[in-house]
Structure formats: structure tokens, C-alpha cells
Amino acid sequence: MMNVIVNRVAEFLKRFPPFSFLEKEDLYAVAQQVEIQYIEKGDTLFAQGEPARPHFFVLKEGIIHLTEKSSKGEEIREICDEGDVFGVLALLGKRPYLLNSRVVQNSLIYAVPVSVFEKILEKNSRVALFFAAGFAAGQVVVRQDLSQGQRARGEFRKSTKDHSLLIFADQSEFKISEEVLSCSPETSIQTAAQLMAAAQVSSIIICDQNQFPLGILTDKDLRTRVLAKGISPDQPVSLVMTTPVVTRKKEDDFSTIYLTMIRNRLHHLVLTEDGSTQSPVNGLISDHDVFLSMGNSPAVLIHALMNTREVSEMRKIRDRAEQMLRYYLENEVSMDFVSSVMTEINDVIISQALMIAKEELRNQFPEMETIKFCFLSMGSEGREEQLLRTDLDNAIIYQDVPAGLAEKSREYFLMLGEQVIEILLACGFDPCPAKIMANNPDWIQPVSIWKNYFSEWILRPTPEALLKSSIFFDFRPVAGDSALAEELTLHIYQEIRKKKAFLSFMGTTALQTPPPLGFFKDFIVEKSGEHKDRFDLKARAMMPLTDLARLLVLSHEVVGINNTFKRFEKLAELEPSQSELFLQAGKAYEILMRMRALEGIEKGNNGRYLDPKSLGKIQRQLLKNTFSPISELQELIQIRFQLDYFRR
């Protein structure tokens, strides 16, 4: 009979983390020592402030509330149901209990001896990570370290056998050429070409006497700059080399090296001792080396996009990018890298669409060739966060033109915007429901009108103006003359300085969304409509963080950082006393971005609405852990911007 009971306990435990991470012998060793306890409705298993018992607990049947005494009375912090692990302070430091356990329904619990489990905790890293990441119910800490949760999710996921998109391998797994061919700037072009041919390489680095890089000459340069232009091969190589060179350290992580190549459209990246041009060359990596290491890659996709004007082909490439995205997300590739890569792909599509549209309109509008303009992305794409092809938010800003060209300019840029949007929709992006797109005449304006828009929103912050601010203040130049966007940014900060109260009005908007957990500390879900009983990831969790980050960055007059988690990283630098909070908020946002994108890929939609019941225990707890920075940030801005006064 004893063996039957032990087997039943083991069968139950292995269904739930962290017991699902145990080897069979350890699982049965724990099951043999478990004490089975029955507790009745109304009882208290342990009370706040009591010394920790020599057991922690797993709920087999019933419902237990974990509550905390506060100035408002006794508040529910967590509701435990089947398989939840709780009362773990006995295991983690043997501290007094921080919560009460109230038995709401007759319950059966398994009490696991700490003395047995401590040994497992020492030798099983996955079990240790489960507790370090705060996945036990009611595991109260001052502030949860979400980086542990990120790491845990990667450790606990089911491994995939698809390695075709592996691009963030250890640096030792991709090739760096350490024997770098070099020459002096006085070397003749012919001699440099002969050296390249003898070494069977496609590039040569031009260095000074200290081996500091001055420039680079490639096979392509020899074709386009020497042969095509009839330059004498006796001329010095300095005449045709590419200079200055872009450099990185050989010790930089692969994602940094790779993104540098993608962003600068480099076929070769020079590596130096300190990563600058003022230190000796010690390595070289080519796109060929990258392709051999990676197989399918963002660089391949970007290269393909830049070499096609066929919209149907652009659509196919963007579809492939989504397959790549799924692999990145499932394999816990850093969100910084993922969002940078997907932003670059989206930006190339926009740039190609603009080139196609400009070519189409060139003969009809020859006078527009010299008019400066800039295509702006806003919303999630403006923040470099549009992983999926969700709805578009964009606009066009162009230079003020003489009165005689005003009508022609309006007509041209409207037609340009319409054609670009048509191409983006054909590539699978969704239209903006509010029509904030570059095919709407309201959002295709000269710089003076754009300045008037922002002045009006800042000086008269009506609810509609504040709603527009949440979209338009995240604008980012994608293609065209970025100086126009910089001029607009400068104007915005000048206007905010005139009316500091605008930030307080923005703060009231940031407080309109309550923390995402309800009275019983479960997810606040939609009460009706097509998304009934689903959790709105965007409105309930992501938007509060984007609003709070935007407000704080504007208050510091930070320019050029739109991405939400990068904004929080910058805020951590600017406010060391709040750095921990800001860094955790940034990590929370990264987790939410990943969850939404994975949900969207899985369900074939925008991933906004999530069914909490579909989540495993670890995913549910990880999602809940992302909410704590929201409450703390809302409290911070309420005090900082005196929002009690503005909400009266």
C-alpha cells in the first residue's frame, strides 16, 4: 500500500514544475518523504510573521488564498490551485512567512521536507532557477529579478531540432580571419590587386605604420572605382580605398558584430584591438564567413530585399523573415537583437517602396526631385518594436516650399504616400484603423504645419491631443532627409519647455490603465465582445510601460531613443537611484514583446489578446511578474509630476 501511495504522489508531482525537472530517483526520494495533510475550509496553514516550518507545500486539491495584512486590511496576493508550490520561505533562507495562507475550500496538500529538497536544490540547476526566477506562488521579494525569469523560460522550453536559423552561436563557432592582408597607402593599385590574388582573398586593409586601419579595398572597388573609371593601376591605393573604415573589437559578441555589418551594409568588417580606428588591426570578418556560419540569415534576407523591385517577391521575403522571427523568439535570442533585425528588414521594405514610388512619379513631377522630405514611422515601428506585421502608423514631412509649389507638393507627396502604403499592404502589413498613414492628407505636411500640430497638442492637451501624442511622439525617420525630423524634435522640446504642465497631463494618461491584476490577483480580462475572457497584452501591460517610458524620456529631453526597453536602460543611467526599477521595467517589456509575438505567430494574428488559461504555470507566473514594475512606475510619476492635483 505504501508503494502505491508513493507512486501516486510521484505521478502527481512530475506533472508540475519544479518536480518535472527531477530525475526519476530524486522524484521518488521526494515522494517517499512527502507528508499528506488534509485541511478544512476556514483554517490557516501558516500566518504572516510565523517562523518558517521545516516543509514547503504543494496544493493537491482545493483552493488556498495567500494574503497580506496592510493598512487597507487583509489583501489577497495570490490564489493557489492544483500543483502550485507555496510556503517556500522555509526552503529559501528559513525566514518568517511574509503571507498568510487561508484555506478557502477543503484542501489536500503535500508537505515536502526542506531537508530532502535542499540537496536537490544544490545539484539541480533547473530547480534552483525555478525558485530564483520567482515562479513559486506567493514568493514575495522586494522586486522580482526578471532576468532570471527570462533565463528560466529559455532553460525550461522544449528544445527544437531546427538549427537552420541559428545565428547567435558562440563566437568560436563562426570564422574570423586573423591573418589579415594589409598594405601601406602608398602601395600601387596594381600591387594591391596582385597581393589579393596571391593570397586568394577579396579585400586588403590599408594601414599606417602602426597598423592602424586607414581604409579598405575590395574586389568590388577594383571593378567600380578603378576599371570602370579608367584609373591607372599605377596610382596609389589611397586614391580608391573606402575610408574611413567601420571597426569593431574581435571580442565583441556576435550580435554586435553582425548588426554592425547589417546596418552599414558592409561586406567586410575590420576588427581592431580596442574596436576603434586608432588601434592595430587584428581580424576581419566577411559576409561570406557569416553566411557559411549561419545558413539562412537576416543579411541574406536584407540583401534579397535590396535587390528586388518586385512587390510579390518582397512579400515572400517578409514571410521568410517571420519564420526566422519565430525561431529567434523560441530560442531566447536577445530582444535587442531581434527587434533591431526586424526593424532593419521593415525599414528596407519601406525604403524600397519609396524608391519604386519615386521612380513611378519621376516623369510626372520632375520639379519635386530637389524637394527634401522624410518618411516617418510611428507607433510600434517608430519605437523599433514591430516584430509582426501589425497595423501601420506613418507619415511624411517635407520642407516648406514657395507658394507656387505648394499645391504641386501636396499632390506629389500624397501620391507618393499612397503608392508606398499600397506596397506595404501588399507585403502583408495591416492598415491603421485610425488612418494614421502616409496616404492620409492630414499626415502629409510641410515642416511648418507639423510644428503647428505639435504646438497645438502641447499647449492645449485635450484628451484627443494626448491620444495623438502617444502615437506621434514616437516618430522615427526611416528614409529621406532625417534633418527634417531632427528639426521637428528640437521644436517639440522647445514647446514643452514653455509648458512643463504638458508632461503632467501626459502623466494622467499613463495612470489611466490600472495594474493588470484584479482584486483577487488574477488577470483582468475582457468582459464582453469577441475577446471575452482574454487578457489584452497591449492595452493592459505594454501600453502603460510605453507611456511611462515616453513620459520620463521627454522629461529628460532625451533625443534619438524611441525603443521602450532602451528608453528604460537610458533612464537607469540618468537616474542611478531608480536604476533597478527602470532595468526591471525594461526586462518586463522585453518579456511582453516576446509573448505577444509568439502568440501572434502561433495564432496567425497580431498576438494582442491572450487566453490566460492556455498558459502553463511558469508562463502565467512570468507574466504576472512583469506587472510589478508598472505599479511602482505609476507611483513614481504620480509623485514626480504632482498628478493628484491634475486629476482633481
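Residues numbered from 1 in each chain as written. Predicted model: local features only at pLDDT ≥ 70, side-chain atom pairs only at ≥ 80, totals over all residues. Heavy atoms only, no water.

(A) Here's a closer look at the overall build of the chain. Helix and strand counts for the chain stand at 24 helices and 17 strands. Counting contacts in the chain only where the partners sit at least 6 residues apart, residues at least 24 apart contribute 72% of the total. Just so you have it, the chain exposes about 29,800 Å², and 50% of that area is on carbon and sulfur atoms. (Helix = DSSP H or I, 4+ residues; strand = E, 2+ residues; numbered from the N terminus. Contact = heavy atoms within 4.5 Å. Areas by Shrake-Rupley, 256 points an atom, 1.4 Å probe, with all protein chains shown as cover.)

(B) Structural detail: the environment of Leu91. With respect to the secondary-structure elements, Leu91 resides in the loop between β4 (85-86) and β5 (100-113). Distance in space between the C-alpha atoms of Leu91 and Val112 is 9.9 Å, their sequence separation being 21 residues. Here Leu91 is in contact with Phe56, Val114, Phe117, Glu118, Leu121 and Phe131, once residues within four sequence places are set aside.

(C) Representation of the environment of Arg320 within the structure. Along the polypeptide, Arg320 turns up in helix α11 (residues 311-330). The sequence separation of Arg320 and Leu301 amounts to 19 residues, and the corresponding C-alpha distance is 8.0 Å.

(D) Spatial organisation of unusual backbone geometry. At the junction of Pro17 and Pro18, the peptide bond is cis and its omega measures out at 0° in the coordinates. Checked against the element boundaries, Pro18 lands in the loop between α1 (2-13) and α2 (24-33). Note the cis peptide between Thr243 and Pro244, where omega equals -5°. Even without being glycine, Asp533 reaches a positive phi, approximately 70°. Residue Asp533 is classed as partly exposed on the basis of its relative accessible area of 41%. Of note, the phi angle at Glu557 is positive, near 55°, even though the residue is not glycine. Within the secondary structure layout, Glu557 lies in the loop between α19 (537-555) and α20 (564-574). (Buried < 20%, exposed > 50% of the residue type's maximum accessible area, 1.4 Å probe, protein only.)

(E) Spatial organisation of the environment of Tyr97. The residue Tyr97 is located in the loop between β4 and β5 in this model. Spatially, the C-alpha atoms of Tyr97 and Ala52 are 6.0 Å apart, while their sequence positions differ by 45 residues.

(F) Fine view of the pairing of strand β2 (residues 55-70). Two strands pair when backbone bridges link them, and β2 and β5 are joined in this way by 11 bridges, in the antiparallel orientation. In the strand pairing of β5, Phe57 is matched with Ala111. Bridge count between β2 and β4: two bridges; the pairing is antiparallel. Its bridge partner being in β4, Phe57 is matched across the sheet by Phe86. Looking at chain direction, β2 and strand β3 (residues 73-80) are connected through seven bridges and run antiparallel. (Pairing = 2+ DSSP bridges.)

(G) Focus on α19. Given a rise of 1.5 Å per residue, 19 residues ought to cover 27 Å, and the 26 Å separating the end C-alpha atoms of α19 matches this to within 8%. Its axis deflected by about 40° at Met543, α19 carries its strongest bend there, up to four residues before the proline Pro544. Of all the 19 residues making up α19, 15 are buried; the element is thus mostly covered by neighbouring parts of the structure. In this structure Asp536 caps α19, since a side-chain oxygen of it lies 3.2 Å from the backbone nitrogen of Lys538. (Expected span 1.5 Å × (residues − 1). Bend = angle between axes of the 7 residues up to and from the residue. Polar contact = N/O pair within 3.5 Å; in protein donor to acceptor, adjacent residues only side chain to side chain.)

(H) Layout of helix α8 (residues 254-263). Counting buried positions along α8 gives seven out of 10 residues, so the element sits mostly inside the fold. Of the positions making up α8, those classed as buried are Phe254, Ile257, Tyr258, Leu259, Thr260, Met261 and Ile262. Positive backbone phi, at 55°, marks Arg265, one or two positions downstream of α8.

(I) Spotlight on the confidence of the model for the chain. Across the chain, the average pLDDT comes to 84, with 90% of residues at or above 70. Predicted confidence in the chain is weakest over helix α5 (residues 146-156), with a mean pLDDT of 55, and strongest over strand β14 (residues 444-446), with 96. Low pLDDT, under 50, characterises residues 158-172; the predicted model gives this stretch 32 contacts beyond four residues in sequence or across chains. (pLDDT = per-residue confidence, 0-100.)

(J) Spatial organisation of the sheet that holds strand β12 (residues 373-377). Strand order in the open sheet formed by four strands is β14-β13-β12-β15, with mixed pairing between adjacent strands. The strands lining the two open edges of the sheet, one partner per strand, are β14 and β15 (476-480). On average, each strand axis in the sheet is inclined to that of its neighbour by 30°, with strand direction left out of account. Here five bridges tie β12 to strand β13 (residues 394-398), and the two strands are oriented antiparallel to one another. Bridge pairing in β13 places Ser377 opposite Asn394. Against the sheet, helix α12 (residues 335-361) contacts β12 and β15, and its axis sits at roughly 40° relative to β15. Of the strands in this sheet, β12, β13 and β15 touch helix α17 (residues 482-498), which is tilted by about 65° from β12. (Axes fitted to C-alpha atoms, helices over the stretch in contact; angles between N-to-C directions.)

(K) How the structure looks around the packing of α19 against helix α23 (residues 628-640). Packing of α19 against α23 leaves a shortest axis separation of 10 Å and a crossing angle of 35°. Once α19 is placed against α23, the crossing between them reads as left-handed. Listed contacts from α23 to Arg540, Ala541, Pro544, Leu545, Leu548, Leu551 and Leu552 of α19 are Ile630, Leu633, Gln634, Leu636, Ile637 and Arg640. When grouped by side-chain class, the residues that make up the contact of α19 with α23 number 10 nonpolar, one polar and two charged. (Left-handed = near helix turned anticlockwise from the far one by under 90°. Nonpolar A, V, L, I, M, F, W, Y, C, P; charged D, E, K, R; others polar.)

(L) Geometry of the sheet that holds strand β11 (residues 281-286). Spatially, β9-β10-β11 is the arrangement adopted by the three strands of the open sheet, whose pairing is mixed. A strand with exactly one partner marks an edge of an open sheet, and here the two such strands are β9 (247-249) and β11. On average, each strand axis in the sheet is inclined to that of its neighbour by 35°, with strand direction left out of account. For strand β10 (residues 268-272) and β11, the ladder comprises five bridges, and the chain directions are antiparallel. Across the sheet, Leu269 pairs through a bridge with Ile285, a residue of β11. Docked against the sheet, α8 engages β9, β10 and β11, running at close to 135° with respect to β10.

(M) Summary view of the nonpolar core. Among the nonpolar cores identified, the biggest contains 124 residues, and Ile345, Phe413, Leu623 and Ile637 are the most heavily contacted of them. With near-sequence residues (within four places) excluded, Ile637 lies in contact with Gly507, Ala510, Leu511, Leu548, Leu551, Leu552, Gln642 and Leu643. (Core = buried A, V, L, I, M, F, W, Y, C linked by side-chain atoms within 4.5 Å.)

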